[in-house]
Amino acid sequence: KGEGYTCPDVEEGGPLLIVEGKHPLLAGESAEPNSTFLSRDRPLELVSGPNMAGKSTYSRQVALVAILAHAGSFVPAKYARVPLLAQVLTRSTVTRDSGSIEDNLSSFYAEMQDIARVTRALGTCPGASLVVVDEIGRSTSEADGEAIAWSVAEHLLSSAGAFTVFITHYDLLGRLPEKYPGCLHRAFSSARGSKHQLTEAGSGPDQGLSEKQYGIDLAEGIGYPEEVVAEARELSRAASLAKARPPQAPRDPGFRLKAQARDHLEVLSLLFAKGLLSEGAELLGIQQQLQRLTAATATATTQCTRS
């Protein structure tokens, strides 16, 4: 056991909970820790954010913590509860994504091959699975890419026993939690000059991803000419306006908040059972978050009734 490592609980069934986890290669660094909670009622976590904010590192962190726990190792986290998994499936960015002349494969074909393997494995394995999808549909038209990414996310949400971390830049997928309460959208902050933090993002028609201009920010930081960056920003804004869809009222504005409250209560009960809430400040923080969610749910429900 090293500094920052803990002995995980590996149990039959139940949720996957990692509190303040880190990638094993960064466990001794000053990297920002991130927590993860996936359950039967909330099986898919949609992750967005700027380029180089840590999305890929985070997704691999979740997979590696689960694998280390199954190997009988300590894990880099404050606490970890991992259900017994039959398999860990990944569609992750690797050198092969640039295509292969030897295998006569394009980068898009390689992506599609990976997802096909994942879906086949889910269809033939009855046990619980952890799935990591690090971008999909990038190397084709935007319309096809968004459609494929959305359809794959829907399939993973409907796959029994699949816990999924799904990374995307696509604007359309920001609407996924509006239709599927089992999907939680979390985003890395885009603040410059500070650590990127993973926090819960909103959902619905006004919670798109493309307006952030993450790619253009990166181009500017690398040193693209000012006139190129300015023109790209203007074209990006025009394209976002052209794509804008009319807002639709959610079926129940308070439902997402109720789901959040349920998640917090489940995490609270798991940590309390392990005696990890002895610190008054930590317990008080969770209680205050639940109170805020309760108040927000009541407000949203009242507004929906009036309208």
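Before any of the text, the structure's been laid out above.
Residues numbered from 1 in each chain as written. Predicted model: local features only at pLDDT ≥ 70, side-chain atom pairs only at ≥ 80, totals over all residues. Heavy atoms only, no water.

**As for the overall build of the chain**
Looking only at helices and strands, one finds eight helices and ten strands in the chain. In the chain, which comprises 307 residues, the share counted as buried stands at 42%. Of all intrachain contacts in the chain linking residues separated by at least 6 positions in sequence, the fraction that spans at least 24 positions is 74%. Counting only carbon and sulfur atoms, one obtains 56% of the accessible surface of the chain, whose full area is about 15900 Å². (Helix = DSSP H or I, 4+ residues; strand = E, 2+ residues; numbered from the N terminus. Buried < 20%, exposed > 50% of the residue type's maximum accessible area, 1.4 Å probe, protein only. Contact = heavy atoms within 4.5 Å. Areas by Shrake-Rupley, 256 points an atom, 1.4 Å probe, with all protein chains shown as cover.)

**With respect to helix α3 (residues 142–158)**
Between its terminal C-alpha atoms α3 stretches 24 Å, which fits the 24 Å expected from 17 residues at 1.5 Å a residue. Among the residues making up α3, those that are buried are Gly145, Glu146, Ala149, Trp150, Val152, Ala153, Leu156 and Leu157. All buried residues of α3 fall inside an arc of 165° around its axis, so they share one side. Exposed residues lying more than 90 degrees from the buried face of α3 are Ala143 and Ser158. (Expected span 1.5 Å × (residues − 1). Arc of directions from axis to C-beta.)

**Considerations on the pairing of strand β6 (residues 87–91)**
Two faces make up the sheet, and in a regular strand the side chains alternate between them. Of the two faces of β6, only one is covered, namely that formed by Gln87, Leu89 and Arg91; the face formed by Val88 and Thr90 stays uncovered. As judged from the five bridges shared by β6 and strand β7 (residues 129–134), these two strands associate in the parallel manner. Considered in β7, the bridge of arginine 91 is made with valine 133. (Pairing = 2+ DSSP bridges.)

**Topic: the packing of aromatic side chains**
The description of two aromatic rings rests on the distance between their centres and on the angle between their planes. Counted by the stated rule, this structure contains one aromatic pair. Here the aromatic rings of tyrosine 58 and phenylalanine 188 are separated by 6.3 Å at their centres, their planes lie at 75°, and the arrangement is edge-to-face. Taken as a pair, tyrosine 58 in helix α1 (residues 55–70) and phenylalanine 188 in strand β9 (residues 183–188) lie far apart in primary sequence, 130 residues in all. With respect to burial, tyrosine 58 and phenylalanine 188 carry one shared label: buried. (Phe/Tyr/Trp six-rings, centres within 6.5 Å; stacked < 30°, edge-to-face > 60°.)

**Section: the sheet that holds strand β10 (residues 198–200)**
In space, the six strands of this open sheet follow the order β6-β7-β8-β4-β9-β10, with mixed pairing throughout. Both edges of this open sheet fall to β6 and β10, since each of them pairs with a single strand only. Taking the axes of each pair of neighbouring strands and ignoring which way they run, one obtains an average angle of 20° across the sheet. On the sheet, α1 packs against β4 (44–48), β6, β7, β8 (162–167), β9 and β10 and is oriented at approximately 160° with respect to β7. Contacts from α3 reach β4, β7, β8 and β9 within the one sheet, and its direction differs from that of β8 by about 160°. (Axes fitted to C-alpha atoms, helices over the stretch in contact; angles between N-to-C directions.)

**Focus on the pattern of salt bridges**
On inspection of all chains with the given rule, the structure shows seven salt bridges. One salt bridge in this structure joins arginine 186 and glutamate 45, with 2.8 Å as the shortest N-O distance. A residue pair is termed long-range when its members are at least 10 positions apart, and arginine 186 in strand β9 and glutamate 45 in strand β4 qualify at 141 residues. A single burial state applies to arginine 186 and to glutamate 45, both of which are buried. Residues arginine 237 and glutamate 234 are paired through a salt bridge, measuring 3.3 Å at the closest nitrogen-oxygen approach. Of this pair, arginine 237 and glutamate 234 both sit in helix α6 (residues 226–243), three residues apart, which is roughly one turn of the helix. Note on arginine 237: relative accessible area 42%, which makes it partly exposed. It is possible to trace a salt-bridge network through shared partners that takes in Arg91, Asp114 and Arg117. (Salt bridge = Lys/Arg side-chain N within 4 Å of Asp/Glu carboxyl O.)

**Quick look at the side chain of glutamate 135**
Position of glutamate 135 relative to the elements: it lies in the loop between β7 and α3. A distance of 3.4 Å separates a polar atom in the side chain of glutamate 135 from a polar atom in the side chain of histidine 169. Once you skip the residues sitting within four places of it in the chain, glutamate 135 turns out to touch Arg91, Ile167, Thr168 and His169. (Polar contact = N/O pair within 3.5 Å; in protein donor to acceptor, adjacent residues only side chain to side chain.)

**Details of unusual backbone geometry**
Phi angles above zero are rare outside glycine, and glutamate 20 is one such case at about 55°. For glutamate 20, the position within the fold is in strand β2 (residues 16–21). Residue glutamate 135 is not a glycine yet carries a positive backbone phi of 75°. A residue is classified by how much of its surface remains accessible, and glutamate 135, at 9% relative accessible area, is buried.

**Section: a nonpolar patch on the surface**
Taken together, the side chains of Ile222, Tyr224 and Val228 present a nonpolar region at the surface, about 310 Å² in accessible area. Counting through the fold element by element, isoleucine 222 comes out in helix α5 (residues 214–222). (Patch = residues over 30% accessible without salt bridge, like charges linked within 9 Å, V, L, I, M, F, W, Y side chains within 5 Å.)

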